[in-house]
Structures are given as structure tokens and as C-alpha cells.
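Spelled out, the chains give:
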Amino acid sequence: GSAAVYNRLYGLLVNGCKNVGMTGNTISGNYGYGLYVLNGSSPDIENNRIGVAAGSLTALGNRTYGLMVSNAANGVVKSNIIANSGTAGLYIAGTSSSVTVRDNDITGKNHKGVLITSGGKNTHRGDTPAIPNRLQTNNGTRSKPGSDAP
């Protein structure tokens, strides 16, 4: 849609699942997180529009995180638009490990584009320099020591 009708906590919660694909969704205008992946393995998050109105790039952000991955392993976050989040566009937390983040457009104002606080080895540079993430108008990237972040 083109206007926020806030869900109380999450736009979409995926909890304790293996090999779940989340592709082609518009997840915007939520009170908490747009998409929250919790306690799973091998999530595949591709080609989603998070924090923008359906069919356009009009800002319709989620109030805290656009996408949060917590306690998940071996995931891929690829080719998403993540915009206009209140705290961070993408937050990788808890015991998350081996999460690869590549070829995403992450934009916003006065928040972290990518925030990594998990202790596992997570990558947000992309497989090659030809497919990096594009971080625009963010207040930087913060990564915990030990993650594979610039």
C-alpha cells in the first residue's frame, strides 16, 4: 500500500524455520521490525522491498529495524531494498553466523545501514567487488570485532 497501517510488533516474523525463502514481498510501515528472522537456519531473503511503498520508492519505513536476523545461521540477504528504518536498515544479532549480505540497496537517514553485533562470521561485502551492498545516506556501519565487515 501507500500508507502505514502499523502492526504492533513485526510485519513478518519467521521463527525457528529451516530453508525458508522470503522473496518478492513489500514489508513497510510497521511499528517494530519489518522482517524478523529468529532462531532458524538457511533463510533466503531476496528481492524484497522493505521500508518503501508498494510499486514506488516513496518512504514508508519501519519504526525500528527494516530487517533483523537473530540467532540464525547460513543465511543469504540479497538484492533487497531496505530503506527508511528508524534504528538500522539491517541488524544481525545474537548467535547469527555465516550470514552473507550482498547486492542490497540500504538507505535512510540518521541510522546505521548495517549493524552487526553477533559474534559469528558474517559477511556484508559481497562475493566479489562487482556486487557490493550500496549504503546511502546512512550514519555508518557498525560491526562487532570478528565479523567480516569493512
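Owing to the predicted nature of the structure, the values given are computational and were not obtained by experimental measurement.

## Topic: the overall build of the protein
Counting secondary structure elements, the protein contains 0 helices and 15 strands. Taking all 150 residues of the protein together, 44% fall into the buried category. Considering only intrachain contacts with a sequence separation of at least 6, the fraction spanning at least 24 residues in the protein is 64%.

## Quick look at the side chain of Ser85
Along the polypeptide, Ser85 turns up in the loop between strand S9 (81–83) and strand S10 (88–93). The contact partners of Ser85, leaving out residues within four places of it in the chain, are Asn62, Thr64, Tyr65, Gly66 and His111.

## A closer look at unusual backbone geometry
Its identity is not glycine, yet Asn47 carries a phi of approximately 55 degrees, on the positive side. Looking at where Asn47 falls in the secondary structure, it is placed in the loop between strand S5 (44–46) and strand S6 (49–50). Given the relative accessible area of 42%, Asn47 is considered partly exposed. At Asp103, a residue that is not glycine, the phi angle is positive and equals roughly 55 degrees.

## Quick word on the sheet that holds S5
Across the sheet, 4 strands lie side by side as S2-S5-S8-S11; this open sheet has parallel pairing. Edge positions in the open sheet fall to strand S2 (21–23) and strand S11 (100–102), since each of these has one partner strand only. Between one strand axis and the next, the sheet turns by 5 degrees as a mean value, whatever way the strands run. As judged from the 3 bridges shared by S5 and strand S8 (residues 76–78), these two strands associate in the parallel manner. Within S8, the residue paired with Ile45 across the bridge is Val77.

## Let's talk about the packing of aromatic side chains
This model, assessed by the stated rule, comprises 5 aromatic pairs. Their ring planes at 45 degrees and their centres at 5.1 Å tell us that Tyr10 and Tyr36 sit as a pair that is tilted. Of this pair, Tyr10 sits in strand S1 (residues 10–15) while Tyr36 sits in strand S4 (residues 33–38), and the two are 26 residues apart along the sequence. Residue class for Tyr36 comes out buried when judged on its relative accessible area of 10%. Seen in terms of ring centroids, Tyr33 and Tyr36 are 4.8 Å apart; in terms of plane orientation they differ by 80 degrees. Their pairing is edge-to-face. On the basis of relative accessibility, which here comes to 19%, the residue Tyr33 falls in the buried class.

## A word on the environment of Asp103
Mapped onto the fold, Asp103 is located in the loop between S11 and strand S12 (105–107). With relative accessibility at 24%, the residue Asp103 sits in the partly exposed group. Through-space distance from the C-alpha of Asp103 to that of Lys78 is 5.6 Å; in sequence the pair is 25 residues apart.

## Thoughts on the confidence of the model for the protein
Looking at the protein, pLDDT values average 81 and 73% of them are 70 or higher. By mean pLDDT, strand S15 (residues 142–143) is the weakest element of the protein at 50, and S5 is the strongest at 97. Across residues 126–130, where pLDDT falls below 50, the model places 5 contacts with residues more than four positions away in sequence or in other chains.

Analysis parameters
- Residues numbered from 1 in each chain as written.
- Predicted model: local features only at pLDDT ≥ 70, side-chain atom pairs only at ≥ 80, totals over all residues.
- Heavy atoms only, no water.
- Helix = DSSP H or I, 4+ residues; strand = E, 2+ residues; numbered from the N terminus.
- Buried < 20%, exposed > 50% of the residue type's maximum accessible area, 1.4 Å probe, protein only.
- Contact = heavy atoms within 4.5 Å.
- Pairing = 2+ DSSP bridges.
- Axes fitted to C-alpha atoms, helices over the stretch in contact; angles between N-to-C directions.
- Phe/Tyr/Trp six-rings, centres within 6.5 Å; stacked < 30°, edge-to-face > 60°.
- pLDDT = per-residue confidence, 0-100.

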